[in-house]
Amino acid sequence: MEPLDCVFCAIARGDLPSYRVLDGDDVIAFLDIHPVAPGHTLVVPRRHAATLLEMPEAMAGPLFAAVARVARAVARAQGADGVNVLQANGPAAGQTVGHLHVHVVPRRHGDGLRLHIPSGPEATDRTAMAAQAERIAAALAAL
Ligand code: AMP
Ligand code: ZN
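Let me sum up the structure you'll find in this document.

Procedures and definitions
- Residues numbered from 1 in each chain as written.
- Chains lettered and ligands numbered in written order.
- Predicted model: local features only at pLDDT ≥ 70, side-chain atom pairs only at ≥ 80, totals over all residues.
- Heavy atoms only, no water.
- Helix = DSSP H or I, 4+ residues; strand = E, 2+ residues; numbered from the N terminus.
- Buried < 20%, exposed > 50% of the residue type's maximum accessible area, 1.4 Å probe, protein only.
- Contact = heavy atoms within 4.5 Å.
- Areas by Shrake-Rupley, 256 points an atom, 1.4 Å probe, with all protein chains shown as cover.
- Donors = N, O, S within 2.8 Å, 3.2 Å for Na, K, Ca; no water.
- Tetrahedral: all angles 85-135°; square planar, octahedral: opposite > 155°, others 65-115°.
- Pairing = 2+ DSSP bridges.
- Axes fitted to C-alpha atoms, helices over the stretch in contact; angles between N-to-C directions.
- Phe/Tyr/Trp six-rings, centres within 6.5 Å; stacked < 30°, edge-to-face > 60°.
- Polar contact = N/O pair within 3.5 Å; in protein donor to acceptor, adjacent residues only side chain to side chain.

With respect to the overall build of the chain
A count of helices and strands for the chain gives three helices and five strands. When its C-alpha atoms are laid out on the principal axes, the chain stretches across 50 × 45 × 25 Å. Considering the chain as a whole, with its 143 residues, one finds that 31% of them fall into the buried category. In the chain, 53% of the contacts between residues at least 6 apart in sequence involve partners at least 24 apart. When the accessible surface of the chain is totalled, it reaches about 9,800 Å², and 59% of it is carbon and sulfur.

Here it is, written out as structure tokens:
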């Protein structure tokens, strides 16, 4: 169900302006209004889903295909050396707009952005790791 006050639904309908770069049947993309780098783009399914966890699986193909195409285009248009693809689910993960979206951020060597996935200490507790993998595999099987 689409919330009445969803900003990205309003952009998808064309009721709010955006710097649109892609206008597909299932997926749109537009520039982030607070870019961390020139060309920072958001890729958004038209149909409202709050997060990746609520997204119908059938949307995964069209959404990720659009992310890959937009990433190629953004990289080419900006002359980027690399691209980060980032996505937050829920306020605890840093999500501020409650309509699923994927950030595409062009990167340059030495641009100073700190978007890399940090690395923790090596996991050495084999029992804990095996138990964790088992819990996740069981949860997957129950979906
Ligand atoms: P997140 O923290 O992953 O939820 O990111 C939400 C992003 O949406 C932020 O980077 C905002 O700058 C961006 N944003 C919010 N409102 C708009 C808007 N009307 N047009 C474009 N980008 C927006
Ligand atoms: Zn929405």
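Considerations on the coordination of the zinc ion (ligand 2)
Cys6 (SG), Cys9 (SG), His48 (ND1) and His99 (ND1) make up the full set of protein donors to the zinc ion (ligand 2), lying at 2.0 to 2.3 Å. Geometry at the zinc ion (ligand 2) is tetrahedral, judged from the four donor atoms that bind it and their angles of 103 to 115° at the metal. Read from N- to C-terminus, the donor residues coordinating the zinc ion (ligand 2) fall into the pattern C-x2-C-x38-H-x50-H. In this pair, His48 is assigned in the loop between strand S3 (41-45) and helix H2 (60-78) and His99 in the loop between strand S4 (82-86) and strand S5 (102-107), connecting sequence segments 51 residues apart. His99 matches His48 in its accessibility class, with the two residues each being buried.

Things to note about the sheet that holds strand S2 (residues 27-31)
Spatially, five strands are ordered S1-S2-S3-S5-S4 in an open sheet, and the strand pairing comes out antiparallel. A strand with exactly one partner marks an edge of an open sheet, and here the two such strands are strand S1 (20-23) and S4. On average, each strand axis in the sheet is tilted by 20° relative to the strand beside it, whichever way the strands run. Two elements, S4 and S5, share five bridges in a ladder whose sense is antiparallel. Within S5, the position partnered with Gly82 by the bridge is Arg107. Running over the sheet, H2 touches S1, S2, S3, S4 and S5 and is turned about 25° from S5.

Observations concerning the packing of aromatic side chains
With the rule as written, the count across this model stands at one aromatic pair. Judged by centre distance (5.3 Å) and plane angle (75°), the ring pair of Phe8 and Phe30 falls under edge-to-face. Of the two residues, Phe8 is situated in helix H1 (residues 7-13) and Phe30 in strand S2; the sequence distance between them amounts to 22 residues. Take Phe30: its relative accessible area is 3%, and that puts it in the buried class.

Some points on the side chain of Asn84
By the element assignment, Asn84 lies in strand S4. Of the polar contacts made by the side chain of Asn84, one reaches the side chain of Arg107; its length is 2.5 Å. Contacts of Asn84, omitting those with residues within four sequence positions, involve His103, Val104, Val105, Arg107 and Leu115.

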